[in-house]
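Understanding the architecture of this molecule
For reference, the chains in residue letters:
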Amino acid sequence: LILNQDTTLTNTAQLAVYSSLDLNGHSLQTSGSADISSLTTNNGQLSVAGDAQISSALINGGTARVGGDLTVTQNLSFDRGRLEVGGSCTLDDYYAHLSMTHDEDYLLVEGDFTIQNTYSDGTLSAGTAEFRGNFSERGGSTSYTYYRSTGTHRTIFSGSVTQTVSFAHPDS
C-alpha cells in the first residue's frame, strides 16, 4: 500500500496492513492501534494513537509517532528519520535488529525499552536514542552485540525518576 494523499482514520479500533505500507511523503493518522507488516516512512508522517505492532520498519525521513506501546518483531532501521513512542518499546524476536547510522536518526521512548533477540547484531554508529523509562538488553548468545554503540551514536537516559539499566551480556 503506497499512500498518494494525506489520510486520517477516525473511530478506528485497529488499522491492519498485512503487506507493506509506504507513506510516500504523506501523513497517516489513526485514532486506534496498528498492526503493520512492513513500514517505510519515506519522508512521511505516521501517527498511531494507541499501541502498534510492526514486523519491520524503515524510518527514512519523516516521523513516526506511537502514542502507546510499540513492539517490533524484526528490524527497526533508521535513515535520517524520527520515531517517538509514548509508551514502552520492545524489539522482540530471534532476529530483532536496531540500526541507527546517520546523525539525524532519533529514537525517543517515553516508557521502558527492551531489546531481546538471539541471532542478530545491532548497528548503532550514529544518531541518538533517548530513553525515559528503564532499559533492558536481553539475549541468548554472547557472540552478538545487540546494543553496542560506536562512532557518534549517543544514548541518553532522561527519565524524571531513577532508571534501571540492565544488560544480559554487559560486554556487549
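Overview of the structure. (Residues numbered from 1 in each chain as written. Predicted model: local features only at pLDDT ≥ 70, side-chain atom pairs only at ≥ 80, totals over all residues. Heavy atoms only, no water.)

Re the overall build of the chain
Scanning the chain from terminus to terminus reveals 0 helices and 19 strands. A buried classification covers 47% of the 172 residues belonging to the chain. A fraction of 31% describes how many contacts in the chain between residues 6 or more apart in sequence connect residues 24 or more apart. Carbon and sulfur atoms provide 43% of the accessible area of the chain, an area that totals close to 7900 Å². (Helix = DSSP H or I, 4+ residues; strand = E, 2+ residues; numbered from the N terminus. Buried < 20%, exposed > 50% of the residue type's maximum accessible area, 1.4 Å probe, protein only. Contact = heavy atoms within 4.5 Å. Areas by Shrake-Rupley, 256 points an atom, 1.4 Å probe, with all protein chains shown as cover.)

Considering the pairing of strand β4 (residues 33-40)
Relative to β4, strand β2 (residues 14-22) runs parallel, the two being bridged by 7 bridges. When the bridges of β4 are listed, S20 appears paired with S38. Across 6 bridges, the pairing between β4 and strand β6 (residues 52-59) is parallel. Bridging across to β6, S38 finds its partner in S56. (Pairing = 2+ DSSP bridges.)

Looking at the packing of aromatic side chains
This model, assessed by the stated rule, comprises 6 aromatic pairs. With a centroid separation of 5.6 Å and an interplanar angle of 25°, the aromatic rings of F113 and F135 are classed as stacked. Residue F113 is found in strand β14 (residues 113-117), and its partner F135 is found in strand β17 (residues 135-139); the two are separated by 22 residues along the sequence. Of the two residues, F113 and F135, both sit in the buried class. Taking 5.3 Å as the distance between ring centres and 45° as the angle between the ring planes, the aromatic pair formed by F135 and F167 counts as tilted. (Phe/Tyr/Trp six-rings, centres within 6.5 Å; stacked < 30°, edge-to-face > 60°.)

As for the environment of S20
Along the chain, S20 turns up in strand β2. Sequence spacing of S20 and S38 is 18 residues, and the spatial spacing of their C-alpha atoms is 4.5 Å. Apart from the residues within four sequence positions on either side, S20 is in contact with L1 and S38.

Brief notes about the sheet that holds strand β16 (residues 128-131)
Taken in spatial order, the 8 strands of this open sheet run β1-β3-β5-β7-β10-β13-β16-β18, and their pairing is parallel. Of all the strands in the sheet, the pair left with one neighbour each is β1 (7-9) and β18 (154-157). If you compare each strand with its neighbour and ignore which way they point, the axes differ by 5° on average. The sheet contact formed by β16 and β18 spans 4 bridges and is parallel. (Axes fitted to C-alpha atoms, helices over the stretch in contact; angles between N-to-C directions.)

Considerations on the pattern of salt bridges
Taken as a whole and judged by the stated rule, the model has 6 salt bridges. Taking the shortest distance from any N to any O, the salt bridge between R80 and D79 comes out at 2.9 Å. Taking relative accessible area as the criterion, R80 reaches 45% and is therefore assigned partly exposed. Across the pair E130 and R132 runs a salt bridge whose closest N-O atoms are separated by 3.1 Å. Given the relative accessible area of 32%, R132 is considered partly exposed. (Salt bridge = Lys/Arg side-chain N within 4 Å of Asp/Glu carboxyl O.)

Some words on the nonpolar core
L39, L70, L76, L91, L98, L107 and F113 are the most contacted members of the largest nonpolar core, which has 37 residues in total. Among the elements that make up this core, the one with the highest residue count is β6 (4 residues). Discounting residues that sit within four places of it in the chain, F113 has contacts with C89, L91, L98, L107, F131, N134, F135, S136 and Y147. (Core = buried A, V, L, I, M, F, W, Y, C linked by side-chain atoms within 4.5 Å.)

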